[in-house]
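Coordinate inspection notes
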Amino acid sequence: MHKLKRLLHPKSIAVFGGKQAARVVTQSSRIGFSGEIWPVHPNKADVDGYKAYRSVAELPGAPDAAFVGVNRHLTVDVVKALAERGAGGAVCYAAGFLETGAYDEDGERLQAELVAAAGQMPIIGPNCYGLINYADGALLWPDNHGGVKLAKDGRGVAIVTQSSSVAIHITMQKRGLPLAFLMTAGNQAQTGLSEMALDLIEDERVTALGLHIEAFDSVAGFERLAARARELKKPIIAMKVGRSEQARQATVSHTASLAGSDAASDAFLKRLGIARVDSIPAFIEALKLLHITGPLPGCRLSSMSCSGGEASIMADSAEGRSVHFPVLAADHRVRVKSTLGPLVAVANPLDYHTFIWNNEPAMTATFSAMVSGGFDLNILVIDFPRRDRCLNVDEWGLVTLRSFEAALKTNKANGAIVSSIPENLPEEYADRLIVRGVAPLFGIPEAMDAAQAAAFIGNAWREPLAQPVDTTAVGRSGTKRFTPDEAEGKERLIKAGLPVPKGERANNAVEAASLSQALGFPVALKALGVAHKSEVGAVRLNLKDTESVSNAALDLLPLGTGLYVEHMVRDGVAELIVGFTRDPMFGAVMTLGTGGVLVELLRDSVILMLPATRDDIEAALRGLKFYPLLEGYRGRPKADVGAAIDAIAGIADFVQKNAGEIEELDINPLIVCAEGNGAWIADALLVLGEKKND
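So, here is what we can say about the structure in this document. (Residues numbered from 1 in each chain as written. Predicted model: local features only at pLDDT ≥ 70, side-chain atom pairs only at ≥ 80, totals over all residues. Heavy atoms only, no water.)

**Things to note about the overall build of the protein**
A tally of regular secondary structure across the protein gives 24 helices and 30 strands. Seen through its principal axes, the protein has C-alpha atoms that stretch 95 × 80 × 40 Å. Taken over 694 residues, the protein has a buried fraction of 55%. Taking as baseline every contact in the protein between residues at least 6 positions apart, the subset at least 24 positions apart corresponds to 72%. With the model as given, the accessible surface of the protein reaches about 29,500 Å², and the carbon-plus-sulfur share is 51%. (Helix = DSSP H or I, 4+ residues; strand = E, 2+ residues; numbered from the N terminus. Buried < 20%, exposed > 50% of the residue type's maximum accessible area, 1.4 Å probe, protein only. Contact = heavy atoms within 4.5 Å. Areas by Shrake-Rupley, 256 points an atom, 1.4 Å probe, with all protein chains shown as cover.)

**A closer look at the sheet that holds strand β19 (residues 439-442)**
Taken together, five strands build an open sheet; the order of strands is β16-β15-β17-β18-β19 and the sheet is parallel. Only two strands of the sheet have a single partner each, and these edge strands are β16 (350-351) and β19. Along the sheet, helix α10 (residues 280-293) makes contact with β17 (377-381) and β19, crossing β19 at roughly 170 degrees. (Pairing = 2+ DSSP bridges. Axes fitted to C-alpha atoms, helices over the stretch in contact; angles between N-to-C directions.)

**Remarks on the environment of Ala 238**
Here Ala 238 lies in strand β13 (residues 236-240). Remark: the alpha-carbon pair of Ala 238 and Gly 137, spanning 101 residues in sequence, is separated by 25 Å. Setting aside its immediate chain neighbours within four residues, Ala 238 contacts Leu 211, Ile 213, Leu 269, Ile 274, Ala 275, Arg 276 and Val 277.

**Section: the state of the cysteines**
Counted by the stated rule, this structure contains zero disulfides. We note that Cys 128 lacks a disulfide partner, and the nearest cysteine sulfur, in Cys 92, lies 7.2 Å from it. Relative accessible area serves as the criterion here: at 2%, Cys 128 is assigned to the buried category. (Disulfide = S-S within 2.5 Å.)

**What about the environment of Leu 139?**
The residue Leu 139 is located in strand β9 (residues 138-140) in this model. Spatially, the C-alpha atoms of Leu 139 and Ala 65 are 9.7 Å apart, while their sequence positions differ by 74 residues.

**Examining unusual backbone geometry**
A negative phi angle is the norm for most residues apart from glycine, just as the trans form is the norm for most peptide bonds. Going from Gly 125 to Pro 126, the amide bond is cis rather than trans, its omega being 0 degrees. Of note, the amide linkage connecting Asn 668 to Pro 669 takes the cis form, showing an omega dihedral of 10 degrees. Looking at the secondary structure, you find Pro 669 in strand β28 (residues 662-673). The backbone phi angle of Gln 188 is positive, close to 55 degrees, even though this residue is not glycine. For Gln 188, the location among the structural elements is in the loop between β11 (179-184) and α6 (193-200). Unusually for a residue other than glycine, Lys 233 sits at a positive phi of about 60 degrees. For Lys 233, the location among the structural elements is in the loop between α7 (219-232) and β13.

**Some details on the nonpolar core**
Core analysis: the biggest nonpolar cluster contains 56 residues, and Leu 211, Phe 222, Phe 268 and Phe 586 have the highest contact counts within it. Setting aside chain neighbours within four positions, we find Phe 268 in contact with Phe 216, Val 219, Phe 222, Glu 223, Val 469, Phe 586 and Met 609. Listed in part, the 49 residues of the second largest apolar core include Ile 132, Leu 287, Ala 453 and Ile 457. (Core = buried A, V, L, I, M, F, W, Y, C linked by side-chain atoms within 4.5 Å.)

**Some thoughts on the packing of aromatic side chains**
The final tally for this structure, using the stated rule, is 10 aromatic pairs. Relative to Phe 367, the ring of Tyr 352 lies with its centre 5.4 Å away and its plane at 75 degrees, an arrangement referred to as edge-to-face. Placement of the pair is Tyr 352 in the loop between β16 and α13 (360-371) and Phe 367 in helix α13, with a sequence separation of 15 residues. Accessibility classification places Tyr 352 together with Phe 367 in one group, the buried group. For the pair Phe 367 and Phe 404, a centre-to-centre distance of 6.2 Å together with 85 degrees between the ring planes defines the contact as edge-to-face. Placement of Phe 367 in helix α13 and of Phe 404 in helix α14 (residues 393-411) is noted, with a sequence separation of 37 residues between them. Assessed through its relative accessible area of 0%, Phe 367 is described here as buried. Note on Phe 404: relative accessible area 0%, which makes it buried. (Phe/Tyr/Trp six-rings, centres within 6.5 Å; stacked < 30°, edge-to-face > 60°.)

**Brief notes about the packing of helix α22 (residues 614-622) against helix α24 (residues 641-657)**
Where α22 meets α24, the closest approach of the two axes is 10 Å, and the angle between their N-to-C directions is 120 degrees. For the element pair α22 / α24, the angle class is oblique. Between α22 and α24 lies a crossing of right-handed hand. From α22, Arg 614, Ile 617, Glu 618 and Leu 621 reach across to α24, where they touch Gly 642, Ile 645, Asp 646, Ile 648 and Ala 649. Class assignment for the residues of the contact of α22 with α24 results in five nonpolar, one polar and three charged. (Parallel < 35°, antiparallel > 145°, perpendicular 65-115°, else oblique. Left-handed = near helix turned anticlockwise from the far one by under 90°. Nonpolar A, V, L, I, M, F, W, Y, C, P; charged D, E, K, R; others polar.)

**Structural notes on the pairing of strand β22 (residues 523-527)**
Counting buried positions along β22 gives five out of five residues, so the element sits mostly inside the fold. In β22, alternate side chains face the same way, and those of Val 523, Leu 525 and Ala 527 on one face and Ala 524 and Lys 526 on the other are all buried. In this structure, β22 lies alongside strand β23 (residues 539-543), joined through three bridges in antiparallel fashion. Bridging across to β23, Leu 525 finds its partner in Arg 540. Pairing geometry for β22 and strand β24 (residues 563-567), over five bridges, is antiparallel. Counted as the bridge partner of Val 523 is His 567 from β24.

**A look at the environment of Ile 37**
Structurally, Ile 37 can be placed in strand β2 (residues 36-40). Looking at Ile 37, the relative accessible area reads 5%, which means it is buried. Sequence separation between Ile 37 and Asn 378 is 341 residues, and the spatial gap between their C-alpha atoms is 47 Å. The residues contacting Ile 37, other than those within four sequence positions of it, are Ile 13, Val 25, Ser 28, Ser 29 and Tyr 50.

**Things to note about the pairing of β11**
Taken across its six residues, β11 has six buried, putting it largely inside the fold. By the bridge criterion, three bridges tie strand β8 (residues 131-133) to β11 in an arrangement that is antiparallel. Paired with Asn 133 across the strands is Phe 181, a residue of β11. Pairing geometry for strand β10 (residues 156-161) and β11, over five bridges, is parallel. Along β11, the bridge assignment pairs Ala 158 with Phe 181.

**Looking at helix α15 (residues 427-435)**
For an α-helix, the turn length of 3.6 residues means that residues three or four places apart are oriented alike. Buried within α15 we find Tyr 429, Ala 430, Leu 433 and Ile 434. Angular distribution of buried residues about the axis of α15 spans 135 degrees; they occupy a single face of the element. Following α15 by one or two positions, Gly 437 has its phi on the positive side, about 80 degrees. (Arc of directions from axis to C-beta.)

**Regarding the packing of α10 against helix α16 (residues 444-462)**
Two elements in contact, α10 and α16, have axes whose closest approach is 8 Å; the angle formed by their N-to-C orientations is 50 degrees. The angle between α10 and α16 falls in the class oblique. Here the hand of the crossing between α10 and α16 comes out right-handed. Contacts from Pro 281, Ala 282, Glu 285, Ala 286, Leu 289 and Leu 290 of α10 reach α16 at Glu 446, Asp 449, Ala 450, Ala 451, Ala 453, Ala 454 and Ile 457.

This is the structure in structure tokens:
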């Protein structure tokens, strides 16, 4: 049995508290809860017509679910009594626990006491509103909500959020999104967001899952969730906050959660095959599309509208996205052209003009011809007239919708109606379209976000499930940090078998000149003990004789703690940066991108979790803007990409094996030479922490 089964599907609900608890009773009755409702209050004889009990001990039995809406101190006592009685779980409404942080020293203690009091009984929160089961009509929710109970045999999406306000707003939407379950996670003191989600997707009435995430409760928990979602073919959309520093700070104060690095979070979600969106409207539209079509098989879209302006807007909306509007093949273009007049220019997106308006057979023929191209999603752009000010609204709209539905059915194709302005698609039309298997999407940008998310999941599910993230570096090092100089750092890399040019430490100009001759010219000369050498002129390159080395050494000695002479890497085609930092949630995280002196300016990089396979690394390289340089852009030499991948994989392995002490590793540049000449670590900055004993 799943941990939350009784709580999510209760046959009896106990309700504790005053005003908020009374609302739970009222709302449960209104939604049509068919089970027992047991209010608990020390003074009242009844609550909204339901007999009230004085304590947990007086209840007729052990409740499947409880809403605990009393103050934070009493919450601990009630939860303890419920656990001892054998209750199925409890929602803890009260705030004032760990989220109060430094402002209240009792908060952390009370949260620990609450978890201890619950024991094996699952609790949600504290500091949360609770849950609504729209599939069965079971509610533990102390406020208004805009949802309705699902029809018998109905299906819908499940949503878990760390914000009760966001949850309420989503229930109030008028976009046709069918909700099966809604949960709020609060502080996740005992039961994490991923655990809630894992139990929700087991319900056969749930089609897709939406997560509003302030912080991940558990890396392993999310990995289990993603794997099970894939098995059940239930896609996940995430709205992960924390791109800004303000959002990360707000996360700490809201639920005492640690947000971590946003770039690492983004990489983690991609690794799991969870699509990320950045707004509530995009979140709703993506869930709606996935509820109807599931993940899309690819990124090829078609668009039809009766306006050239709309066609242009649609074309622009795909710019910079993975989803796109491919050019029509010649024979396909002829098929579409045959259904339209000679004055219509056929393209994708298609402006079919107004010549066939309200001519259902003609519209069906055109739509069918366009949809026959085998697109992954077919879009029809319609903004419906205002019903309060316009005539023949239903007649105009229904002809167009029937024609599009017929075209989709004939071709067994995925389709969506998109309104360019969200409010121009009435909710009753959206409901009607969903029943017919057509996605009603509100707003062009949101529709494109939804299509891109669905295509991303489809592509991710075609790939093997990623290995679990290596989190052994989380919290492993001590507080002391030190930075070996480049000579010592590179010595460690050489011992690990990594491609480092030959080099030697020198104490003075004479030693530097002698060593350079032994290494072979040209050489590079660097001042040791300087982190970012190019910024302060602490490096000299391409020195071709002993005299130039001696002169350079005299200039560099005052800048650092010594000198490092290194054989110069030649035939460099491109420069990469390969960096590693310790993320508090994910452990060692790799940054791979365009390197050299332009790294900060270009900001062309990607984040990878560890372990990273060769395929992961190659895909990351191909995603960089500068990748054409590696392939021999405009006649330039082709780079030794295989050697670069070998080097990066080797560096990642070195970091994993030394995760307990490496705080940072910055290799910039990794010089990638012409094909057959390898890839070399030209500069390396290693930061170590005091290694802790296990």
